[in-house]
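# Structural overview
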2 protein chains.
Amino acid sequence: MSYNKTPSITAETINSKVRIFTYEPCGEIVRHARGLEQEIYENPGSLPFQEIIYCNLGNPQALGQRPITFFREVLCLCDNPPLIYRDEARALFSPCALKRAKKIVESLPGRQSGSYTSSQGVRSLREAVANGISARDGFPSRPEDIFLTDGASSAINLMMQILIRSPEDGILCPLPDYPLYSASIILHGGTMVPYNLTEDSGWGLEIFEVKRCLEDSRASGLTVRAMVVINPGNPTGQVMSITNQEEIVEFCRKEGLVILADEVYQDNVYTENKKFNSFKKVARSLGYDHNELSIVSFHSVSMGYYGECGRRGGYMEICGFGADVMDEIYKLASLSICPNIAGQILISLIMDPPKIGDGSFETFMAEKEETCSSLIKRAKALHKAFNSLEGVSCNKFEGAMYLFPLLHLPPLAISAAEQEGVSPDVFYAHRLLSATGVVVVPGSGFHPISGRSHIRCTILPDEEKIAEMVPRLQAFHEAFMDEFRG
Amino acid sequence: MSYNKTPSITAETINSKVRIFTYEPCGEIVRHARGLEQEIYENPGSLPFQEIIYCNLGNPQALGQRPITFFREVLCLCDNPPLIYRDEARALFSPCALKRAKKIVESLPGRQSGSYTSSQGVRSLREAVANGISARDGFPSRPEDIFLTDGASSAINLMMQILIRSPEDGILCPLPDYPLYSASIILHGGTMVPYNLTEDSGWGLEIFEVKRCLEDSRASGLTVRAMVVINPGNPTGQVMSITNQEEIVEFCRKEGLVILADEVYQDNVYTENKKFNSFKKVARSLGYDHNELSIVSFHSVSMGYYGECGRRGGYMEICGFGADVMDEIYKLASLSICPNIAGQILISLIMDPPKIGDGSFETFMAEKEETCSSLIKRAKALHKAFNSLEGVSCNKFEGAMYLFPLLHLPPLAISAAEQEGVSPDVFYAHRLLSATGVVVVPGSGFHPISGRSHIRCTILPDEEKIAEMVPRLQAFHEAFMDEFRG
């Protein structure tokens with residue numbers, strides 16, 4: 001009998017789809033940073049900085065953003081419902097939070113916040129989300145269309161798993177992309193069909209460019225199933241105009257493409273003359289209903305003025321699929337039985353926060369506005385700093401949580417990078433980290449047009465820290481340019 | 001130009017791997033139950049029962065199990081850390097919980113429980129888990145080997161994604177199986193290699209049967225990569241003997257198979273003469289270290305005396321893979337950035353609960369023992385009830401949270417099922433639900449040897465509810481048998 005004796009498991013013998021994707025925001029640069037952090041811990045004073053500043057992720061609370069009190073009061077009470085009925089709790093919790101927590105707990109299975117819920121999420125919490133969407137858009141949203149999720153990432157992965165059948169299935173994605181998309185498409189065995197955003201027009205999306213990509217990929221035999229749009233943009237920070245969104249809606253309707261709308265930065269818009277519009281709102285405004293266009297909108301508790309990323313909560317609103325497809329989506333979601341309850345509660349609070357007249361409204365608004373105005377200040381300070389650097393240009397900043405400056409690096413730096421076998425942006429980012437302790441993601445991790453070097457840097461460190469960072473960035477950059485100017 | 005115009009998305013045009021798997025614990029029977037629940041809500045009194053009793057899932061808190069106070073106190077304080085420092089909090093929280101919460105919060109990124117953490121989980125919480133494992137096994141566990149996860153399901157899916165490369169890769173799984181395994185193997189494109197547990201010897205695992213399955217599948221060209229073992233068993237409720245575990249360890253070592261050890265019911269053992277032993281402990285006791293055998297152990301916050309399933313927390317301990325594989329596992333985990341923080345905290349508390357001398361120890365032990373002894377009472381009552389039914393036999397109950405009685409149904413019932421186009425167990429389970437409001441999972445959802453009918457029923461309803469359920473079960477079964485006895 002001839003045996004196929006199993007080889008032991010090595011990196012060469014695991015699933016090659018896992019091996020080939022990259023996810024730079026948590027990749028090599030973070031490993032480098034952790035090493036330096038260990039060094040600081042073991043030999044304090046041995047490096048030219050005292051701490052690592054993690055600007056690689058949009059991780060607001062790790063960088064000093066404080067959570068919204070009302071949200072945390074409610075979470076806390078739902079964790080320990082007997083508190084709701086204790087007199088002593090009145091000294092510690094607002095009446096508003098006590099009331100909301102009571103309402104939520106009473107709607108949970110077994111009135112306990114530790115039960116499995118429906119795989120789609122608790123009905124009452126989905127109603128809160130749907131009401132929030134209806135109020136935001138001015139068009140009705142239905143709890144049946146809402147799936148609560150463990151953050152947007154798991155929801156995006158789930159939709160890719162539904163849509164992708166084989167390498168002949170393509171998904172249109174913007175470049176630069178948020179690398180979760182390319183990774184997820186690779187993992188699920190599909191083909192990414194990239195379309196370029198135009199840096200020189202403020203990272204604008206040109207519909208003729210998308211059309212060209214669609215046609216080329218169809219000509220090569222692909223079946224394109226969906227178009228990913230990220231608005232506000234990550235890593236690029238632009239906010240789409242409504243005209244641009246209308247073009248996309250018309251295009252996807254005509255071409256039979258599902259719109260996968262990454263709308264996780266909907267509460268991070270910083271420009272006076274643009275506001276966030278959901279793709280569903282744009283479609284409904286054009287008169288297209290459920291039957292005419294499929295749209296999946298992803299949202300999350302991670303960003304905005306709330307920044308509750310470690311809680312892993314979110315929703316997807318799924319419009320325009322038949323009941324049979326919804327059943328399959330439900331079945332796939334049920335494989336992890338249900339999203340975590342704290343995340344479910346949080347997304348319901350975010351979509352249905354205190355209203356005028358509620359006791360907690362004023363504190364809530366004051367905290368929200370403090371965070372939002374501080375985000376603008378921080379973005380402006382960093383934007384100005386990057387643009388002050390020799391050979392660095394940074395597009396105007398409209399939304400999301402990142403700057404994505406373009407680096408014009410000297411030829412000597414480029415060849416030094418080449419000698420180390422890395423791309424110039426990777427070379428620059430590691431040098432920056434070693435000199436300043438600031439962790440940014442090399443732009444190549446977001447797959448922009450080749451030949452251009454960028455870094456992605458979050459705007460989130462608190463104002464004090466940004467004030468410290470800026471001179472360090474400037475000094476590093478000056479020294480770097482001096483070294484390689486030749 | 002010839003276009004491959006994208007078809008609209010229908011259940012026929014989604015990923016066929018999603019379409020073909022089944023996951024009965026959340027499947028058709030639950031849909032039926034939800035319909036009846038709606039009926040009770042809309043027309044109270046219209047059905048012969050007042051409520052649906054969900055025995056389809058191991059969902060302790062939904063069925064009346066109370067959470068452990070200490071765990072919830074700590075969770076609650078971590079949600080709202082300013083409370084830790086408020087004098088008024090001393091009236092509401094034990095000193096022990098205040099101390100633990102403070103320690104945890106101080107170890108979180110930005111000292112906030114809303115930050116992204118390492119994709120592997122917070123280091124200090126992994127240390128707590130590793131210490132708990134070391135204490136449990138008497139062999140060292142390292143925090144580097146621990147990945148905190150959103151429950152066991154996501155961890156199992158992740159490992160399948162790592163191990164499976166193509167349909168030529170096989171994974172050995174027990175039958176009856178917990179259907180997450182078959183579903184996950186299908187979704188990731190591999191081949192399930194089933195081995196039968198022997199009902200007539202108390203669901204024993206016979207190593208010669210596993211060997212036969214391995215050899216057959218190798219002969220047919222498969223590369224078998226891993227062996228799933230579920231101990232205590234789900235749906236079957238047996239606890240493995242140490243001799244049996246030793247045989248499995250020797251077999252997997254010799255054959256180069258990874259042991260995927262589902263150990264989520266480690267705190268649900270109800271028999272005096274058996275105890276839980278982890279596969280890692282058994283391997284180390286035999287003298288096999290990291291280099292000789294790869295073992296992944298899955299655990300979760302969902303079961304045991306804690307029953308915190310809605311929280312989605314867990315860990316996997318990964319031993320015997322090289323650093324390069326660990327890096328790939330980390331990368332794959334980083335795609336969802338990190339497990340939810342409440343779940344991370346909970347699993348650390350479960351693995352490192354109050355100890356003798358801690359202020360909370362006595363309350364903790366009293367609550368734990370109350371739940372454990374009540375679980376035994378409930379299991380006994382249900383076990384006795386099933387065995388009292390005509391033509392029903394239920395193996396002895398050693399562990400986990402389910403009974404899996406064998407139904408000997410009359411030929412007329414079998415042909416009635418056939419006429420409805422369903423298997424006899426499905427027919428029986430829906431009849432049971434319609435008559436009593438009790439939801440059980442048809443045994444065919446767990447893929448036992450064909451020709452045998454079972455149902456899976458959790459032991460979790462509280463004692464009062466079980467006392468109510470039993471006469472209803474008995475009355476239904478008698479009527480059912482009378483109807484079909486012929």
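Residues numbered from 1 in each chain as written. Chains lettered and ligands numbered in written order. Predicted model: local features only at pLDDT ≥ 70, side-chain atom pairs only at ≥ 80, totals over all residues. Heavy atoms only, no water.

## Section: the relation of the copies chain B and chain A
- Placing chain B over chain A gives an RMSD of 0.0 Å and needs a rotation angle of 180°, together with 0.0 Å of translation along the axis. Between the two chains, the operation in question is that of a two-fold axis. Of every C-alpha in chain B, the one belonging to cysteine 76 of chain B sits nearest the axis of rotation, 2.2 Å from it.
- Same-surface contact between copies: 100% of interface residues of chain B are shared with the interface of chain A. (Least-squares fit on C-alpha atoms with pLDDT ≥ 70 in both. Contact = heavy atoms within 4.5 Å.)

## Things to note about the side chain of asparagine 80 of chain A
- Within the secondary structure layout, asparagine 80 of chain A lies in the loop between helix H3 (69-79) and helix H4 (95-106).
- Aside from chain neighbours lying at most four places away, what touches asparagine 80 of chain A is Arg72, Glu73, Cys76 and Phe93 of chain B. (Helix = DSSP H or I, 4+ residues; strand = E, 2+ residues; numbered from the N terminus.)

## Notes on the domain arrangement of chain A
Residues and elements named next belong to chain A.
- Domain parsing of chain A yields domain 1 (16-64 + 366-484) and domain 2 (105-351).
- Taken over C-alpha atoms, the centre of domain 1 sits 28 Å from the centre of domain 2.
- In total, about 3000 Å² of surface goes out of reach between domain 1 and domain 2, with carbon and sulfur atoms giving 60% of it.
- The largest share of the area that domain 1 buries against domain 2 comes from Asn395, Glu398 and Ala400, three residues that together contribute 20% of it.
- Counting across the interface, domain 1 meets domain 2 through three salt bridges.
- Among the ionic pairs, glutamate 398 bridges to lysine 274, the shortest N-O distance being 3.2 Å.
- Our count for the contact surface shared by domain 1 and domain 2 stands at 19 residue pairs in polar contact (both at pLDDT 80 or more).
- Among the elements of the structure, helix H1 (16-20), helix H13 (361-387), strand S10 (402-403) and strand S14 (453-458) are those that each provide at least two residues to the side of domain 1 that touches domain 2.
- The leading source of residues in the side of domain 1 that touches domain 2 is H13, at five residues.
- Tallied by class, the residues present in the side of domain 1 that touches domain 2 amount to 20 nonpolar, ten polar and five charged. (Domains from an automatic or database assignment. Buried area = accessible area lost by both parts, 1.4 Å probe. Salt bridge = Lys/Arg side-chain N within 4 Å of Asp/Glu carboxyl O. Polar contact = N/O pair within 3.5 Å; in protein donor to acceptor, adjacent residues only side chain to side chain. Nonpolar A, V, L, I, M, F, W, Y, C, P; charged D, E, K, R; others polar.)

## Comments concerning the packing of aromatic side chains
- Under the counting rule described, the total for this entry stands at 34 aromatic pairs over all chains.
- Across from the ring centre of phenylalanine 21 of chain B, 4.6 Å away, lies the NZ or CZ of lysine 331 of chain A, which sits over that ring. (Phe/Tyr/Trp six-rings, centres within 6.5 Å; stacked < 30°, edge-to-face > 60°. Lys NZ or Arg CZ within 6 Å of the ring centre and 35° of its normal.)

## Side note on the sheet that holds strand S3 (residues 169-175) of chain B
Residue and element names in this part refer to chain B.
- Pairing is mixed across the open sheet formed by seven strands, whose spatial order is S2-S8-S7-S6-S5-S3-S4. The strands lining the two open edges of the sheet, one partner per strand, are strand S2 (146-149) and strand S4 (191-196). Across the sheet, the axes of successive neighbouring strands diverge by a mean angle of 20°, strand direction being ignored.
- Here strand S5 (residues 223-230) pairs with strand S6 (residues 258-262) via five bridges, running parallel. Following the sheet pairing, isoleucine 230 is matched in S6 by aspartate 262.
- Against the sheet, helix H6 (residues 151-163) engages S2, S3, S5, S6, strand S7 (295-300) and strand S8 (314-319), with an angle of about 155° to S7.
- The sheet contacts of helix H11 (residues 323-334) involve S2 and S8, and relative to S2 the element is tilted by about 15°. (Pairing = 2+ DSSP bridges. Axes fitted to C-alpha atoms, helices over the stretch in contact; angles between N-to-C directions.)

## Looking at the pattern of salt bridges
- Counted according to the given criterion, the structure contains 64 salt bridges over all chains.
- When the shortest N-O distance is used, the salt bridge between aspartate 79 of chain A and arginine 311 of chain B registers 2.5 Å. Of this pair, aspartate 79 of chain A sits in helix H3 while arginine 311 of chain B sits in the loop between S7 and S8, each in a different chain. With respect to burial, aspartate 79 of chain A and arginine 311 of chain B carry one shared label: buried. (Buried < 20%, exposed > 50% of the residue type's maximum accessible area, 1.4 Å probe, protein only.)

## Quick look at the interface of chain B and chain A
- Contact residues are listed per partner, giving 102 residues for chain B and 102 residues for chain A.
- Taken over both partners, the interface formed by chain B and chain A buries close to 8300 Å², and the fraction arising from carbon and sulfur atoms is 56%.
- Ranking the residues of chain B by area buried against chain A places Ile9, Tyr116 and Leu335 of chain B at the top, with a combined share of 9%.
- Where chain B meets chain A, there are four salt bridges.
- For the side of chain B that touches chain A, the element with the highest residue contribution is H11 of chain B, accounting for eight residues.
- In terms of residue class, the side of chain B that touches chain A is built from 48 nonpolar, 30 polar and 24 charged.

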